[in-house]
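Geometric and topological summary
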Amino acid sequence: MAVMTRERSVVDRPPPVPRRNYSKWARRAPLLPALIFLIIVTQLPFVATLVISFMKWNSLDPTNRGFAGFDNYVNVFTDPDLRSSVVNTIVLTASVVLISLILGLGLALLLDKKFKGRGFVRTMLIAPFLVVPVAAALIWKHVLYNPEYGLFNGILNWLGFDAQPDWISTMPMSAVVLSLVWQWTPFMMLILLAGLQSKPIEPVEAATIDGASSFQIFRYLTFPHLRQYLELGGLLGSIYIVQNFDAVFTITSGGLGTANLPYMIYQTFYQAHEYGEASAAGVIVVAGSIIIATFALRVVSSLFKEEKR
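Keep in mind the model is a prediction, meaning the values are calculated, not measured.

1. Focus: the overall build of the protein chain
Each helix and strand counted, the protein chain has 15 helices and two strands in total. Within the protein chain, contacts between residues separated by at least 24 positions form 69% of all contacts whose residues are at least 6 apart in sequence. Split by element, the accessible area of the protein chain, about 19400 Å² in all, is 68% carbon and sulfur.

2. What about the packing of helix 7 (residues 133-144) against helix 10 (residues 172-197)?
Between helix 7 and helix 10, the least distance of the axes is 10 Å, while the angle of their chain directions is 130 degrees. As summarised for this structure, helix 7 and helix 10 are arranged oblique, according to the angle between their axes. Judged by the twist between their axes, the crossing of helix 7 over helix 10 is right-handed. In contact with P133, A136 and W140 of helix 7, helix 10 contributes L178, S179, W182 and Q183. Tallied by class, residues from the contact of helix 7 with helix 10 come to five nonpolar, two polar and no charged.

3. Things to note about the environment of I239
One can find I239 in helix 12 (residues 214-242). The class for I239 is buried, based on a relative accessible area of 14%. Between the C-alpha atom of I239 and that of V286, which follows or precedes it by 47 residues, the distance is 9.5 Å. If we ignore the near neighbours within four places in the chain, the residues touching I239 are S289, I292, A293 and A296.

4. A word on the nonpolar core
One finds L92, V96, V176 and L180 to be the most contacted residues of the largest nonpolar core, which totals 55 residues. For this core, the leading source of residues is helix 10, giving 14 residues.

5. Topic: a nonpolar patch on the surface
Taken together, the side chains of L32, L35, I36, F37, L38, I39, I40, V41 and L44 present a nonpolar region at the surface, about 840 Å² in accessible area. Among the structural elements, I39 can be located in helix 3 (residues 32-52). Relative accessible area serves as the criterion here: at 39%, I39 is assigned to the partly exposed category.

6. Concerning the pattern of salt bridges
Counted according to the given criterion, the structure contains one salt bridge. Between E231 and R227 there is a salt bridge; the shortest N-O distance is 2.8 Å. Pair noted here: E231 and R227 are both in helix 12, with a separation of four residues, about one helical turn.

7. Some thoughts on helix 5 (residues 80-111)
The terminal C-alpha atoms of helix 5, which comprises 32 residues, lie 46 Å apart, in line with the 46 Å expected from a rise of 1.5 Å per residue. Two to three positions downstream of the cap, the backbone nitrogen of D81 sits 3.0 Å from a side-chain oxygen, assigning the N-cap of helix 5 to D79.

8. Overview of the packing of aromatic side chains
Scanning the model with the defined rule gives 23 aromatic pairs in all. Ring geometry for F249 and Y263: centres 6.4 Å apart, planes at 40 degrees, overall tilted. Placement of the pair is F249 in helix 13 (residues 246-252) and Y263 in helix 14 (residues 261-270), with a sequence separation of 14 residues. Judged by relative accessible area, which is 4%, Y263 ranks as buried. Both rings, one in F269 and one in Y275, keep their centres 4.5 Å apart while their planes meet at 25 degrees; by these two values the pair is stacked. Here the aromatic cluster, defined as three or more aromatic residues joined through ring pairs, consists of W57, F245, F249, Y263, Y266, F269, Y270 and Y275.

Calculation rules
Residues numbered from 1 in each chain as written. Predicted model: local features only at pLDDT ≥ 70, side-chain atom pairs only at ≥ 80, totals over all residues. Heavy atoms only, no water. Helix = DSSP H or I, 4+ residues; strand = E, 2+ residues; numbered from the N terminus. Contact = heavy atoms within 4.5 Å. Areas by Shrake-Rupley, 256 points an atom, 1.4 Å probe, with all protein chains shown as cover. Axes fitted to C-alpha atoms, helices over the stretch in contact; angles between N-to-C directions. Parallel < 35°, antiparallel > 145°, perpendicular 65-115°, else oblique. Left-handed = near helix turned anticlockwise from the far one by under 90°. Nonpolar A, V, L, I, M, F, W, Y, C, P; charged D, E, K, R; others polar. Buried < 20%, exposed > 50% of the residue type's maximum accessible area, 1.4 Å probe, protein only. Core = buried A, V, L, I, M, F, W, Y, C linked by side-chain atoms within 4.5 Å. Patch = residues over 30% accessible without salt bridge, like charges linked within 9 Å, V, L, I, M, F, W, Y side chains within 5 Å. Salt bridge = Lys/Arg side-chain N within 4 Å of Asp/Glu carboxyl O. Expected span 1.5 Å × (residues − 1). Polar contact = N/O pair within 3.5 Å; in protein donor to acceptor, adjacent residues only side chain to side chain. Phe/Tyr/Trp six-rings, centres within 6.5 Å; stacked < 30°, edge-to-face > 60°.

And the structure:
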């Protein structure tokens, strides 16, 4: 009987935990404080914003406060100003991303060639992306666009033109787009340049020997290889430009039909004091950014899979 009980106790005893699990937790433990801090700083405010988005909350009318259901979300999509801001956000994002990708592709193809001073040129081309967004917007507003002492009108005057247009009032949306294109083209250039430098050289050499022209090599070899890098640049650029506030606020102050959704959130929150409606618009921006980020992560994962092959 003693032998039987001893065998049962050995069978019933849980298997020992492998040491590998302890080593995994030992490696992850130092990251827990950063994870907790990240949750407190980002996720808890978002949860609070999500709760407020379902409430009727105007700080100027504290007695009229309560649960509003989906009314704030309905107001976001039915209010003419908010609806036009959604359209402006789409137009601004699509214009900046498309133009930046085209210019970035051209610059990346230029920097992929070997020439004297390439490192210096690359550094100078990257510089606009390193400028603080508000500072970049101020440069374009006062140094370039100003009708009295701006560089653009100075060039027109030097060329002999009498016209001294007010660039911001005559082309407000284009003024914002140009400033953002100047700042985001280096970002696209870096991504596409990385794609060009990861391109295998053997197919290009074989095509050159077979008599293929430079355009044919670009069309049938280079461009298909850059497709995923173009997608990645477009998606990452869209994530940031959808949330852009600095250029619109600094250059046009949201006037002249340039107010995008982030600016309307600011105006609704700080000027109209409609906390519930502003929170609903903020949730919509975050949801759109998450959707775009999901596609970006898929593109990144596909690039890593190709590199492993």
